[in-house]
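Residues per chain, in single letters:
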Amino acid sequence: MNRPHTPIAHDIQVETRGEVSLAAPDYAKAKLLAVVERQHEPVLAARVKLTQESNHAVVKPAIAQAVVDLNGRPVRAQVAAATMQEAVDLLQDRLTHRLARVRQHRDSHRHRAPAGLGAWNEEEAREHCPRRRGLAPEERRIVRHKAYSLPSQSARAAVFEMEAMDYDFHLFTDATTGCDSVVYRDERAGGHRLATAGPAGEPEPGLTVSTAGVPELAVAEAVSRLDLTGLPFVFFTDTATGRGNVLYHRYDGHYGLITPAR
């Protein structure tokens, strides 16, 4: 069976930050090309970002990230390792796994089979996640504010979106209740967890539902809560807009803020 022609085979974009070796971009292109050429659907774009941390105290200073547009469906992966070559090798494996899960998800819908939440081998993935840089609270700033129209989807679809994009959480509007909600990985119990600003839905296999109320906070109060709890993010209802927001720790030690577009 002939596979579709891949138009971006020689146009994989590579961005570098920090003291990345001269050989690393070509090595990353070759590894990503090996992934792209195995796809049975058109790959419309692909890009890689290689970051070498300057802090020598960081155990895994080499970070490799990739985003592939698989026939209109973006798929993302990121890893950290001791060396850039190791990071690129791990990135190839992680991206291959995520692309396979996207194909499996699409096939299940074509055949009208129920698409389970499934396992994404997150225990191994956490071992190679980029580590957050330590900054004192007084040094931290909100350096990124992203506002977008929240997708209206089921919690199950939100989990799939989160995993396909290799995010730690995903902010969305629950298609059933119309309420702002967030799904995230449940580090203690395993699987995934849902928190919603509306009525709690019924739990399902692999997806538990938080019974804790969503706090109503100003952004400055959310910053204080994030610092106090030490959690990776805080989901809250903004007192100024009444909408669900997520304030989170970035890998550079600062904060990011995600809000619904007005």
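These lines cover the structure that appears in this document, whether it is placed above or below. From a predicted model like this one, the values you see are computed outputs, not experimental measurements.

Reading the values: the criteria
Residues numbered from 1 in each chain as written. Predicted model: local features only at pLDDT ≥ 70, side-chain atom pairs only at ≥ 80, totals over all residues. Heavy atoms only, no water. Buried < 20%, exposed > 50% of the residue type's maximum accessible area, 1.4 Å probe, protein only. Helix = DSSP H or I, 4+ residues; strand = E, 2+ residues; numbered from the N terminus. Pairing = 2+ DSSP bridges. Contact = heavy atoms within 4.5 Å. Polar contact = N/O pair within 3.5 Å; in protein donor to acceptor, adjacent residues only side chain to side chain. Expected span 1.5 Å × (residues − 1). Arc of directions from axis to C-beta. Core = buried A, V, L, I, M, F, W, Y, C linked by side-chain atoms within 4.5 Å. Right-handed = clockwise from strand over helix to strand, strands pointing away. Axes fitted to C-alpha atoms, helices over the stretch in contact; angles between N-to-C directions. Salt bridge = Lys/Arg side-chain N within 4 Å of Asp/Glu carboxyl O.

Buried residues dominate strand S3 (residues 62–70), accounting for eight of its nine residues. Looking at chain direction, strand S2 (residues 43–52) and S3 are connected through nine bridges and run antiparallel. Bridge assignment links Ala45 to a residue of S3, and that residue is Asp69. Sheet topology places S3 next to strand S4 (residues 73–81); nine bridges connect them, and they run antiparallel. If you follow Ile63 over to S4, its bridge partner there is Ala80. The antiparallel pairing of S3 with S4 creates a hairpin that spans two residues between the two strands, and Asn71 there sits at a positive phi of about 55°.

What follows covers the environment of Gly253. Inspection of the secondary structure assignment puts Gly253 in the loop between strand S13 (244–249) and strand S14 (255–260). The class for Gly253 is buried, based on a relative accessible area of 2%. Between the alpha carbons of Gly253 and Arg132 there is a distance of 5.8 Å; along the sequence they are 121 residues apart. The contact partners of Gly253, leaving out residues within four places of it in the chain, are Arg132, Arg133, Leu135 and Arg140.

What follows concerns the side chain of Thr259. Looking at the secondary structure, you find Thr259 in strand S14. A distance of 2.9 Å separates polar atoms of two side chains, one belonging to Thr259 and the other to His145. With sequence-adjacent residues up to four places away left out, Thr259 is seen in contact with His145, Lys146, Ala147, Tyr148 and Asn245.

The terminal C-alpha atoms of helix H1 (residues 24–36) lie 18 Å apart, and with 13 residues this matches the ideal 18 Å at 1.5 Å per residue to within 8%. Among all positions of H1, only Ala24, Ala28, Leu32, Leu33, Val35 and Val36 are buried. Projected onto a plane normal to the axis of H1, the buried residues spread over an arc of 165° and lie on a single side.

Glancing now at the nonpolar core. Ranked by internal contacts, the top residues of the largest apolar core, which has 31 residues, are Leu32, Val48, Leu50, Met84 and Leu95. Breaking this core down by element, the ones donating at least two residues are H1, S2, S3, S4, helix H2 (84–110) and helix H4 (155–164). For this core, the element with the most residues is H2, which contributes eight residues. Formed by eleven residues, the second largest nonpolar core is a distinct cluster that contains Leu150, Tyr184, Ala195 and Phe235.

Another point: the pairing of strand S7 (residues 169–174). By the criterion of burial, S7 is predominantly enclosed, with six of the six residues buried. Pairing of strand S6 (residues 152–153) with S7, which is carried by two bridges, proceeds in the parallel orientation. In the strand pairing of S7, Gln153 is matched with Asp174. For the handedness criterion, the β-α-β arrangement of S6, H4 and S7 is classed as right-handed. Of the pairings in the sheet, the one linking S7 to strand S8 (residues 180–185) comprises five bridges and is antiparallel in character. Bridge pairing links Thr173 to Asp180 in S8. Hairpin connection between S7 and S8: a loop of five residues separates the two successive antiparallel strands, and Gly178 in this loop has a positive phi of roughly 75°.

Turning next to the sheet that holds S6. Reading across from one edge, S6-S7-S8-S9-S10 is the order of the five strands in this open sheet, with mixed pairing throughout. What marks the edges here is a single partner per strand, and that holds for S6 and strand S10 (207–209). Here S8 runs beside strand S9 (residues 192–196); their pairing, made up of five bridges, is antiparallel. Counted as the bridge partner of Tyr184 is Arg193 from S9. Here H4 sits on the sheet in contact with S6, S7, S8, S9 and S10, set at roughly 55° to S8.

For the rest of this paragraph, the subject is the pattern of salt bridges. All told, the structure shown has 13 salt bridges when counted by the stated rule. For the salt bridge of Asp166 with Arg98, the shortest nitrogen-to-oxygen distance reads 3.3 Å. Residue Asp166 is located in the loop between H4 and S7, and its partner Arg98 is located in helix H2; the two are separated by 68 residues in the primary sequence. With a relative accessible area of 5%, Asp166 lands in the buried category. You can call Arg98 buried: its relative accessible area is 0%. Close ionic contact of Arg185 with Glu163 constitutes a salt bridge, the shortest N to O distance being 3.1 Å. Here the residue Arg185 occupies a position in strand S8, and Glu163 occupies one in helix H4, the gap between them amounting to 22 residues.

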